[in-house]
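Here is how the chains run, residue by residue.
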Amino acid sequence: MTKPHAIIIGAGFTGVATAHDLAMRGFDVTVVERGPIANGTSGRTHGLLHSGGRYAVKDQESAIECIDENLILRKIVPSVIEPNGGLFVALSESDLDYAEEFIAGCEACHIPIEQLTPQRALKLEPNLNPKLLVAFTIPDGTFDPLRLAMSFAATAKKNGANFHLYHEVKSLLMDGKATVTGARLLDRTSNKEIDLHGDIVINATGAWAGEITAMAGADVPIKPTPGIMVAFERRTAQRAINRLCAPADGDIVLPQRRMMVVGTTSFAADNLDYIPIVEDQIKLMVERAADLLPGLRSVKLRGIYMASRPLIGGGTGRSIARTFKCFDHKETHNLDGFVTITGGKATTLRAMAEKTADTVCAKLGINAACQTKETPLISYRQFYSLN
Amino acid sequence: MVEKWNITVKFYRQKQGEKPHDQEIKMDVNPDENVIDLVERAWALHDRTLVFAHACHHSTCGACGMRVNEREKLACITPVRSVVANGGTLKVAPLRNFPVISDLVVDMGELYRRMDLVGHQPVDSDREEAIQPEFRPAGPAEPNEDFMRLSDCIECGLCMSACPVFSSTPDYLGPAVLAGAHQAGLEKNPLLFKLIDSATGVWRCHSAFECTAVCPSNVDPGWRIMELRRKVIGDRVKTLFNPRKPAEVGK
Amino acid sequence: MNTQSNFVVRAFRWFDPRGRSLSGWGFMIHRLTALGLTFYLFLHLIVLGQLAQGPDAYDNFLKSTESPLYKIGELSVVAAVFLHGLNGVRIVMTSFGIAVPRQREIFIGAMVIGLVAIVIFGIRMFIG
Ligand SMILES: Cc1cc2nc3c(=O)[nH]c(=O)nc-3n(C[C@H](O)[C@H](O)[C@H](O)COP(=O)(O)OP(=O)(O)OC[C@H]3O[C@@H](n4cnc5c(N)ncnc54)[C@H](O)[C@@H]3O)c2cc1C
Ligand code: SF4
Ligand code: FES
């Protein structure tokens, strides 16, 4: 039997992880991406390897996904992670009120935390706001976004996956009106068009998922929700610093290389391809970061950027759940050969891929188990050295 | 109030199998935005055929290296104000010394291969004190625990593009790679010693120090190459009086 | 990697003056003066060889050295020696890991001394 051919659109976290999973399950995989690896939202994340603490009160499904995947990623791809942990810090009375729910939530989601006195917290992170009231340790980490994606891509490539970077999907190839059979691509490096045929087309274009489904006359309930991120040119902590409060603007400041990065906000966007930077939000981010680490107030800014979350379904902004969803368009629109995977977080990329690959295997009647939980990834650098 | 400038951006354009040419686009800009924002906007709103690379937009991934007014820069941390005046022209072109894939994107595969060759560690214990002296250093949770940190070199290739020696001698390992060897530590690896103590290694450097001038990420490759030379000379003096046993060399 | 272009183009790539820093110019000056001085050495040997042909040749040669063109040539040799020599000291120092973080300032210092010396020499040659 020849291998089934899967076409994956988008080389963000979701796309590369799905490529890795399907390649391990014996698929012939082709990834199509209009830019470089991590061209979209994935490249521009905060870089927080979530412990789940941020969601432990309101969105426990996401929180449990996060802590499980956090522990797996630390094992399979340690070369792109700063595994130094994190703190949740209370600065006000209302933060203290939240502490009770937070402790209960973390316990329910089996996220290990430890309560610290202000003295002890300041010993660990002396540049914290000295007025802090209480703090909790939590197993957060920081990852390098591009290298995380490239590690998955490299491993997929080693297992036979093909990557067409700088190739944009212009339309979907259809057999009549009911089956998607491939995609028409524009090779942007030469301006030539190519037709690619496959047994299954997987739409992993995150916030852009609606543009691809529209090509087949279908839709998905994706709500692109951008946020801002500000990078400071000094590192003043070794751990991810979270404000102990319900998810809010600028509630996380984390170290990366020799920087601190604060984020984020949550609003609606018109044109996803270019999201302008809003000046007021920069000021807000600096203020919020300086609440937690006052020294940052006088540090120069190094980078400012926007990225768009692919959030699923009803509600607005922060109240939307952060979990992911795999849509089989046979079920939603009676369209065969076509699935969409979106939502979720960087931290849950492997789990999203597992779910998608399960769906695809079931559709094609293939019996192959997921092996990505235990398989260490190869060096991201090999994405370039493998041919 | 946000300032508004009007500038001309001159893009280097090249598709595979075609001759390169320059394309000028007039753009309204905010002098405080970074060059990558202009490039992305040019693609989103002016010309969809423009090919460029980027990911993190805050100098941690190394994908957005290009030449801005001929000089090697990370486009994501280069404010427009620092490279052009209102009404002026800004030129963006791909890095030198690497094959162009299209427009602003080059193939840096060789750099990545060589970084693996010398065993550069992408995550390392924080030996070089990321928290600078103006702030207080953090305390580890466990007494003997080291903080791990993503290493300074982001493999952006700016130094390889700016190095005049690498321009003429593609076999020269190059500044990022030698700096990578320095970070990996010669002490642990006699083979690494051989690799860098050679005509394509530290002795090929001719002290142009362009690498250090363009490095956006605190690596200072020029200094590291000189440190490696010191170590090599030190080792030669040592082995002169106390020759290595053949078994050690073969390892 | 940059093997696309042929050998001849590559051999001149090091002299790409676009987007250079001060120390990059230092490298180019160093290499150009080195090439110049090597060229001069050959010229010198050839001339010496001709002088060995007798007293007439010697006298003729001495006469030609009075032309301003020759003096300019001579001054360029002196200039090259100063620039190459002084910058050479800096390169030797940094090659042994000495004063690397200060190499730029040392370069500026060396060039200032070099230029002053060249001016003094020039004045003495043409006026004094
Ligand atoms: C501001 C912000 C901060 C975040 N911080 C964190 C964090 O700290 N930790 C965490 O775990 N998660 C974080 N997230 C969430 C996480 O980044 C996203 O969930 C994740 O990156 C989504 O990845 P994706 O692959 O689904 O989408 P994307 O990365 O957007 O990938 C989609 C890809 O599809 C490509 N594409 C689109 N159209 C086409 C076409 N027609 N043809 C070909 N290719 C196409 C795009 O170029 C893009 O590369 C953050 C999100 C935001 C917005
Ligand atoms: S040494 Fe500096 S310039 Fe060179 S690749 Fe590394 S970060 Fe870039
Ligand atoms: S985009 Fe990552 S370094 Fe500029």
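Residues numbered from 1 in each chain as written. Chains lettered and ligands numbered in written order. Predicted model: local features only at pLDDT ≥ 70, side-chain atom pairs only at ≥ 80, totals over all residues. Heavy atoms only, no water.

Asks: What is the right way to read the environment of Glu70 of chain B from this model?
Replies: Note that Glu70 of chain B resides in the loop between strand S3 (65-68) and strand S4 (71-74). Note: C-alpha distance between Glu70 of chain B and Phe52 of chain B (18 residues apart in sequence) is 17 Å. Excluding residues that lie within four positions of it along the chain, Glu70 of chain B makes contacts with Lys91 and Arg96 of chain B together with Arg18 and Gly19 of chain C. One polar contact links Glu70 of chain B to Lys91 of chain B, side chain to side chain, over a distance of 3.2 Å. (Helix = DSSP H or I, 4+ residues; strand = E, 2+ residues; numbered from the N terminus. Contact = heavy atoms within 4.5 Å. Polar contact = N/O pair within 3.5 Å; in protein donor to acceptor, adjacent residues only side chain to side chain.)

Asks: Please clarify how the nonpolar core should be interpreted in this entry.
Replies: Inside soluble globular proteins, nonpolar side chains tend to come together where they are buried. Core analysis: the biggest nonpolar cluster contains 129 residues, and Ile37 and Phe163 of chain A have the highest contact counts within it. At eight residues, the largest contribution of residues to this core is made by helix H5 (residues 145-158) of chain A. Counting residues domain by domain, this core receives three or more from each of domain 1 (5-106) and domain 2 (109-248) of chain B. Setting aside chain neighbours within four positions, we find Phe163 of chain A in contact with Val16, Ala19, Val31, Ile37, Ala153, Ala156, Lys157 and Phe383 of chain A. Grouped together as the second largest cluster of nonpolar side chains are 32 residues, Val262, Leu292, Leu293 and Val299 of chain A included. (Core = buried A, V, L, I, M, F, W, Y, C linked by side-chain atoms within 4.5 Å. Buried < 20%, exposed > 50% of the residue type's maximum accessible area, 1.4 Å probe, protein only. Domains from an automatic or database assignment.)

Asks: Before we go on, may I ask you to explain the environment of Val219 of chain B in this structure?
Replies: Structurally, Val219 of chain B is set in the loop between helix H7 (210-214) and helix H8 (221-241). If sequence neighbours within four positions are ignored, Val219 of chain B has contacts with Asp152, Cys153, Ala179 and Arg224 of chain B.

Asks: Even after reading the chapter, I still don't get the domain arrangement of chain B, so can you show me in this structure?
Replies: For an interface, size is often stated in terms of accessible area lost upon the parts coming together. Residues and elements named next belong to chain B. When cut into domains, chain B gives domain 1 (5-106) and domain 2 (109-248). Once you take the C-alpha centre of each, domain 1 and domain 2 turn out to be 29 Å apart. On the side of domain 2, 16 residues touch domain 1, which itself brings 16 residues to the contact. A combined buried area of about 1200 Å² lies between domain 1 and domain 2, and 58% of that area is made up of carbon and sulfur atoms. Of all residues in domain 1, Glu72, Asn97 and Phe98 give up the largest surface area on contact with domain 2, accounting jointly for 44% of the area buried on that side. Salt-bridge contacts for Arg71 lead to Glu210; the nearest nitrogen and oxygen are separated by 3.1 Å. Summed over the shared surface of domain 1 and domain 2, the result is six residue pairs in polar contact (both at pLDDT 80 or more). Of all the elements in the fold, those that place two or more residues in the side of domain 1 that touches domain 2 are S3 and S4. Sorting elements by how many residues they give to the side of domain 1 that touches domain 2 places S4 first, with four residues. (Buried area = accessible area lost by both parts, 1.4 Å probe. Salt bridge = Lys/Arg side-chain N within 4 Å of Asp/Glu carboxyl O.)

Asks: I'm lost on the interface of chain B and chain A in this one. Help?
Replies: At the interface, 64 residues of chain B touch 62 residues of chain A. With both sides pooled, the region where chain B packs onto chain A buries about 5300 Å², and carbon together with sulfur makes up 50% of that total. When residues of chain B are sorted by the area they lose upon contact with chain A, His58, Phe135 and Leu150 of chain B head the list and together hold 13% of the total. Remark: the boundary between chain B and chain A carries seven salt bridges. With its nearest N and O atoms 2.5 Å apart, the salt bridge here joins Arg258 of chain A to Asp152 of chain B. Linking chain B with chain A are 32 residue pairs in polar contact (both at pLDDT 80 or more). When residues of the side of chain B that touches chain A are traced back to their parent elements, those giving at least two are helix H1 (35-46), strand S6 (100-102), helix H2 (109-117) and strand S9 (148-150) of chain B. Sort the elements by how many residues they give to the side of chain B that touches chain A and H1 of chain B lands first, with six residues.

Asks: Explanation requested: the sheet that holds strand S12 (residues 192-197) of chain A in the structure shown.
Replies: The strands that make up a sheet are held in pairs by hydrogen bonds between backbone atoms, and each pair lies either parallel or antiparallel. Residues and elements named next belong to chain A. Sheet architecture is open: three strands sit in the order S10-S11-S12, paired in antiparallel fashion. Each end of this open sheet is capped by a strand with a single partner; those strands are strand S10 (167-175) and S12. Within the sheet, the average angular offset between the axes of one strand and its neighbour, ignoring direction, is 25°. Note that strand S11 (residues 179-187) and S12 share six bridges and pair antiparallel. When the sheet's bridge partners are listed, Arg184 is paired in S12 with Asp195. (Pairing = 2+ DSSP bridges. Axes fitted to C-alpha atoms, helices over the stretch in contact; angles between N-to-C directions.)

Asks: So what exactly am I meant to see when it comes to the site of ligand 2 here?
Replies: Near ligand 2 there are 13 residues, and of these Cys153, Cys156, Gly157, Cys159 and Cys215 of chain B occur at the shortest range. For the shell around ligand 2, the class distribution of residues is ten nonpolar, two polar and one charged. (Near = heavy atom within 4 Å. Nonpolar A, V, L, I, M, F, W, Y, C, P; charged D, E, K, R; others polar.)

Asks: What should I look at first to understand the packing of aromatic side chains in this one?
Replies: Within a pair of aromatic rings, the relevant descriptors are the distance that separates the centres and the angle that separates the planes. Evaluated as defined, the whole model comprises 13 aromatic pairs over all chains. Plain terms: the ring middles of Phe88 of chain A and Phe102 of chain A are 4.6 Å apart, the flat faces sit at 40° to each other, and that makes the pair tilted. Highlighted residues: Phe88 of chain A in strand S5 (residues 86-90) and Phe102 of chain A in helix H3 (residues 93-108), separated in sequence by 14 residues. Both residues of the pair, Phe88 of chain A and Phe102 of chain A, count as buried. Through a chain of ring-to-ring contacts, three or more aromatic side chains come together here, namely Phe163, Tyr380, Phe383 and Tyr384 of chain A together with Tyr112 of chain B. Positioned above the aromatic ring of Phe383 of chain A is the side chain of Lys157 of chain A, whose terminal nitrogen or guanidinium carbon lies 4.5 Å from the ring centre. (Phe/Tyr/Trp six-rings, centres within 6.5 Å; stacked < 30°, edge-to-face > 60°. Lys NZ or Arg CZ within 6 Å of the ring centre and 35° of its normal.)

Asks: Could you clarify how one ought to interpret the arrangement of the chains in this entry?
Replies: Contacts are most numerous between chains A and B, considering all two pairs of chains that are in contact. Nothing in chain A touches chain C; the tightest C-alpha to C-alpha distance between them is still 13 Å.

Asks: Is there a simple way to explain the packing of H2 of chain B against helix H5 (residues 175-184) of chain B in this structure?
Replies: Packed helix pairs are characterised by how far apart their axes lie and by the angle those axes make with each other. Residues and elements named next belong to chain B. The contact between H2 and H5 brings their axes to 9 Å, and the two run at 20°. By the angle class used here, H2 and H5 are roughly parallel. Between H2 and H5 lies a crossing of right-handed hand. Between H2 and H5, the residues in contact are Leu111, Arg114 and Met115 and Ala176, Val177 and Gly180, respectively. Here the contact of H2 with H5 is built from residues that sort into four nonpolar, one polar and one charged. (Parallel < 35°, antiparallel > 145°, perpendicular 65-115°, else oblique. Left-handed = near helix turned anticlockwise from the far one by under 90°.)

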